[in-house]
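Inside the fold
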Amino acid sequence: MRKIQDLMKNKKVIFITPIALSILLILIISISLIMGRKPYLKTLDTNDYKLVYDSTWKIKEKTNTKILLRHKSKSEVNIEIMTLNTENKYQSIKDLIDEVIYNIKENNPDYNLLKMEDTTLTKNNYSGYKLLYENEDNEVLISVFKRGDKLIFISYLANSTYFDILLDSVNNIIYNFDMQEEVYALVSRASIPEKELEYKESKQVEILLKSSQDVEIASNNYYVNYTIPDNFRSLDFLSNTGNYEFEGLESGSLTLVSNILNRNIYEYVDKDSSLSLYTRFDSYKNYSDFTEGLIKIDNGHDGYIYKNSYHNNENTLEENVIIVYTLDKNHILIIELKAMGVSIPQELVQMIKINSASNYANYLKSEVQGNQITSELKRITSATDEPYDNIRIKLPIKYQELDDNANIYSVRHFGLNYNLDKKMYDYEVKYQLATKDKNSEIDRINSLFKKAYGSYKYLEKKGNITLNGKNFERYIGGYTDLSGIMFTNLNRYNYYVNKEVLFFGLDKGGFLVVEVSGNGKEITNSILEEVTNFQVLEQKLK
Amino acid sequence: MKRKIIIIITIFFITLSVYAITTKFNFSLETLSFNKSNTIMTNFNKDYTLTYKITDLDKELENEITSLTKKTTYLLLGEMGDGTETSEEYYNRHEDFLNLVYLPDIPKDSKTSTGYDENSREYKDYLVSSMTLPKVFLSLSEYGVIYNSYGDIQITTSSDLIISTIVLPNIKIKQVNPDNRSEYEYVTSNLILHYYFKELKNDYKLYYLYTELEDDLNLYFDNVASVEKLNTLAIIPPYENNSDIYDYSKLNSLSNETINNIYNANKQNIVYLTASYNNSVVKTANGIIIDDGLVVTTWKFLEHALINAQNIEITSGDKTLKLNGIVTIDPDIDIAILKLEDKTNNYVKLGNANNLQVSDVGINLLTSTGIGLTANSGILVANANYLETSIPISKDISGSPLFNLNGEVIGLNLGENVNTSISRFLKVEALKEIQDKFKSLNFEDIDTISFQDLKSKYYYISYNEEIIKNNIPKSKWKEFSKIGNIEKNINLELVKASYKDGIVSLRYKNSISNYTDSMNLSLEFIESLENSGFKNTLNTNTKKIYENKHYQVIIMKEFDYLIVVEVKL
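Residues numbered from 1 in each chain as written. Chains lettered and ligands numbered in written order. Predicted model: local features only at pLDDT ≥ 70, side-chain atom pairs only at ≥ 80, totals over all residues. Heavy atoms only, no water.

**Brief notes about unusual backbone geometry**
Residues and elements named next belong to chain B. We note that Asn170 has phi near 50 degrees; this positive angle belongs to a residue other than glycine. Here Asn170 lies in strand 2 (residues 161-176). Residue classification places Asn170 among the partly exposed residues on the basis of a relative accessible area of 44%. The residue Asn279 is not glycine, and still its phi comes out positive at about 65 degrees. With respect to the element layout, Asn279 can be found in the loop between strand 6 (270-277) and strand 7 (280-291). Judged by its relative accessible area of 80%, Asn279 is exposed. (Helix = DSSP H or I, 4+ residues; strand = E, 2+ residues; numbered from the N terminus. Buried < 20%, exposed > 50% of the residue type's maximum accessible area, 1.4 Å probe, protein only.)

Here it is as structure tokens:
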């Protein structure tokens, strides 16, 4: 008691004690924080592999083919990567695991195999095996999987006390392990030098521009709705291209053509590319007043506008404007304006816009009404105000429309009963508005008959037939075919294709051709009745 | 002094126990040698060892082509994963791909419409590569293939080409939904790409390429099997694959009569081998009766049988042939020679393979079911280390023979194809050595080792019972066993239990049912946890975590064990 009292009188003690106590307090708090801190994840990212592990493990050894992790409990995770030689690299993991087990047995006679499992390993689900061994004191889990010519072993060794306790942490290491792949650098090529476009005065065209119209185009699995001045009149009903003429010009001509191409935009505008828009104008560069320019546009759809201008040999002004829009990395919409004897004003170009672009597996335009599909075929007989043929087809809803990337207004294709095993339809029907004579059409269909796989019979007239109150000329034939599968022709089924072709005469000449195929099936009268339900209407162009 | 000795001894024992924990499990790559089959060779009569050799592909070339294969795949399909590619990246990739296409210098000829010598080899090659490859690039773009890793790559030489096959596992590919044709759906499959590289000015260029989806191939091979009928021959139409680059004129004059003659002369020389375990078939193969009572098949099949089966049955048509034993094997060329109990009084005639030319005809007779035989015919596309033909044969059936037009065997199918439309046959010269060796021996004198003896010596894997251990102190168990009332709610055999630093781990063995997942056997325990206020913070098929303020419970499935780890927080 006296000693403490003396101590308390000492000034040094009075000064040092609070400081010492504070330091002790800080130490106690720090230690408890460190002890209580949850393990955090660490990543090891090398040129050869990527590893994720929690901070309770420390890396003890690391080479490009081996990583050794150790836990404070002295448990270990050993990852080794072996390059297989020519003999073994083509073997599957199933073939190799037997050798692994044999080697383990030879080198570790005191370890007993408890379990073996054929499983998938890592987040990439590589095929592999897990093996569990134990001896008196320890357990070992070995995970083996193959990546190309590499065999990867992850072995986890721990004393029995710790084995299950650390198992979850080890499973996370296995799950996240991966080999790195080579990265390839592309040579960057696209360099598109831009140059301002020059527009001439074009009062003749400008005074006519008032309002616009929405038009559509569908091909290459894209459907695009776009706007053009409504002075442009449609010259045909091709749905896969646009073909228009500017009306009302006192002199000269101006046309618009649109297309969807399966091409990359840079290929189309890179001067060095053999597929570019520049190549077709190469010969015009000889004209003394030839000018051209290219600018980027960005009005919701990425693209470029190209324009050139020159006087041709007859001293007539010619101008071309090409608007290219990106639909995706390998599809573009092209709208081409061609003017002769008149120039293309900027105002007209600015009126052209894309409204919407969608990617469809098929561009289908049949409408479903109740239990029927309605489709239309159209045929212009001349480019004047004459009425055009409009065929409205009605089919039961069980028929499925098939897109052939063809012009949907003059050819429609349907299938009935898709057979999943054979990967084909039981029946197919094609409608065409043929402008050529009947015999040419028959020759064309006959030329597509396969002759190499078995018996065939060219189309022969079998009189007339009345279906749905309409009179048809009837032709019957068939051929043997071999079915095929995507990319290859390995799947070879022989089957007989029964063909019936019906011709329906149209008033202004020409025919509606109904081509029915039974793929290994007979064509019955009820099928013929189903596919000949249509109306012929006369319409006029706007 | 005494004290010092005691301290030293104590330290020594502590070190020893620490050392024991970091113990000696001798498994590292240095000990892994893949030489078991060499060890097995010591069991066979040395006089039976074959000398026929196959030369390996040059290592440096192999590495170069492996790298080129991965690069070509990247140029063709873009980066791994389904990240978006910009138009500029696509353009650069397309250009780089086109630069990889084989484009030879074509000799000129002003008399032709093209300006080139259209009869030259270079012109024909140009038509193959430059006309087809750009189109393949575009069509693959349309299919929107998404891949996540490179699979196995297999490289071989074939005539003046180097053929590299890469499998891309678990790819997604766009396919039109047959139920709603205005939609795409992504289907998953394995994509197999076959690259044919040709050397041009010290560089390898892409000459030809074709692609296959594994599901479609499986369907094809299933259909081949389905046409076999009892004791008859099913003739598959001659197979013309890649007719852009091979000449099929000789094949076109092959008649069914020739095929039937070969069948009739050899149907009793082709055997069907079945390896079974507990009456379930684990593997099948074909074999050829190479000499009176001697069958040759692949080592690949025999090894698989030794690992996974209990016995092998051999049939020929509706006749059962008893197996005496294994005469010898050659793992390098992948064959195994078996001896039957009785002589057969029939065996095949052997022809010559070394003098065969590319585009010569080969006829393969094969049985997929053991019921009947199927005849597949094609042409030779290469004759080097092996015979390679245009006949697609499933990798699952090895050991079938290849005949020439005279009905002589010219090759043995190894079930290891160059790619899915080029099958590989061991040349008959290897089989001739077998015939020569055993011709002069008496059948009874041919030494064998039985299947069972070989299996028990090298291939038998015995599984052991766990050592039961429980080192949880009673006081701790009193505390932890209350969690989820675990003793009552898990009715499985406890094989391991341990306690360390506030953590208890329990391993249960599922000896109740082979069909019920061990995770499903913990449902009552889980329910009890939930009822006592534990919250589920993770829930997967193989791991569940429950937590409250004081404890964390991890439930895991490992092999058929249920493992529960309880952590005091």
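**Looking at helix 10 (residues 428-439) of chain B**
Since the α-helix turns once every 3.6 residues, residues separated by three or four places project in the same direction. Residues and elements named next belong to chain B. The end-to-end C-alpha distance of helix 10, which contains 12 residues, comes to 16 Å, matching closely the 16 Å that a straight helix rising 1.5 Å per residue would cover. Among the residues of helix 10, those classed as buried are Val428, Glu429, Ala430, Leu431, Glu433, Ile434, Gln435 and Phe438. Those residues of helix 10 that are buried are in contact with strand 7, strand 8 (294-297), strand 11 (323-330), strand 12 (335-340), strand 17 (409-413) and strand 18 (423-427). (Expected span 1.5 Å × (residues − 1). Contact = heavy atoms within 4.5 Å.)

**Some remarks on the domain arrangement of chain B**
Segmentation of chain B into domains returns domain 1 (59-218), domain 2 (228-459) and domain 3 (469-568). Distance between the C-alpha centres of domain 1 of chain B and domain 2 of chain B: 33 Å. (Domains from an automatic or database assignment.)

**Focus on the interface of chain A and chain B**
Accessible area lost during the coming together of the parts is what is often quoted as the interface size. Taken together, the contact between chain A and chain B spans 104 residues of the former and 108 residues of the latter. Where chain A abuts chain B, roughly 9,600 Å² becomes buried across the two surfaces, and 54% of that area is made up of carbon and sulfur atoms. Linking chain A to chain B there are 10 salt bridges. At the boundary of chain A with chain B, the tally comes to 27 residue pairs in polar contact (both at pLDDT 80 or more). Class assignment of the residues belonging to the side of chain A that touches chain B gives a composition of 45 nonpolar, 30 polar and 29 charged. (Buried area = accessible area lost by both parts, 1.4 Å probe. Salt bridge = Lys/Arg side-chain N within 4 Å of Asp/Glu carboxyl O. Polar contact = N/O pair within 3.5 Å; in protein donor to acceptor, adjacent residues only side chain to side chain. Nonpolar A, V, L, I, M, F, W, Y, C, P; charged D, E, K, R; others polar.)

**Let's talk about the pattern of salt bridges**
With the rule as written, the count across this model stands at 44 salt bridges over all chains. Measuring nitrogen to oxygen at the nearest pair gives 2.9 Å for the salt bridge that ties A:Lys329 to B:Glu85. Here A:Lys329, found in the loop between strand 18 (317-328) and strand 19 (331-340), pairs with B:Glu85, found in the loop between helix 3 (59-77) and helix 4 (87-100), and the two come from separate chains. Ionic pairing is found between A:Arg392 and A:Glu376, a salt bridge with its closest N-O pair at 3.6 Å. Remark: A:Glu376 occurs in strand 22 (residues 372-379) and A:Arg392 occurs in strand 23 (residues 388-396); sequence separation between them is 16 residues. In this structure A:Glu376 comes out as partly exposed when scored by relative accessible area, which is 25%. Overlapping salt bridges bring together B:Arg121, B:Asp125, B:Asp160 and B:Lys198 as one network.

**A short note on the sheet that holds strand 11 of chain B**
Residue and element names in this part refer to chain B. Taken in spatial order, the 7 strands line up as 10-9-6-7-8-12-11 in an open sheet, and their pairing is antiparallel. Whereas interior strands pair on both sides, the edge strands pair on one side only; in this sheet they are strand 10 (319-321) and strand 11. Between one strand axis and the next, the sheet turns through 35 degrees on average, direction left out of account. Strands in contact with helix 9 (residues 299-308) are strand 6, strand 7, strand 8, strand 9 (311-316), strand 11 and strand 12; relative to strand 7, the strand with the most contacts, it is inclined by about 140 degrees. (Pairing = 2+ DSSP bridges. Axes fitted to C-alpha atoms, helices over the stretch in contact; angles between N-to-C directions.)

**Section: the domain arrangement of chain A**
What the domain assignment reports for chain A is domain 1 (41-179), domain 2 (203-359) and domain 3 (367-539). Here domain 1 of chain A and domain 3 of chain A have C-alpha centroids that lie 62 Å from each other.

**A few points about the side chain of B:Ser522**
In this fold, B:Ser522 is placed in the loop between strand 21 (503-509) and helix 14 (523-531). Judged by relative accessible area, which is 0%, B:Ser522 ranks as buried.

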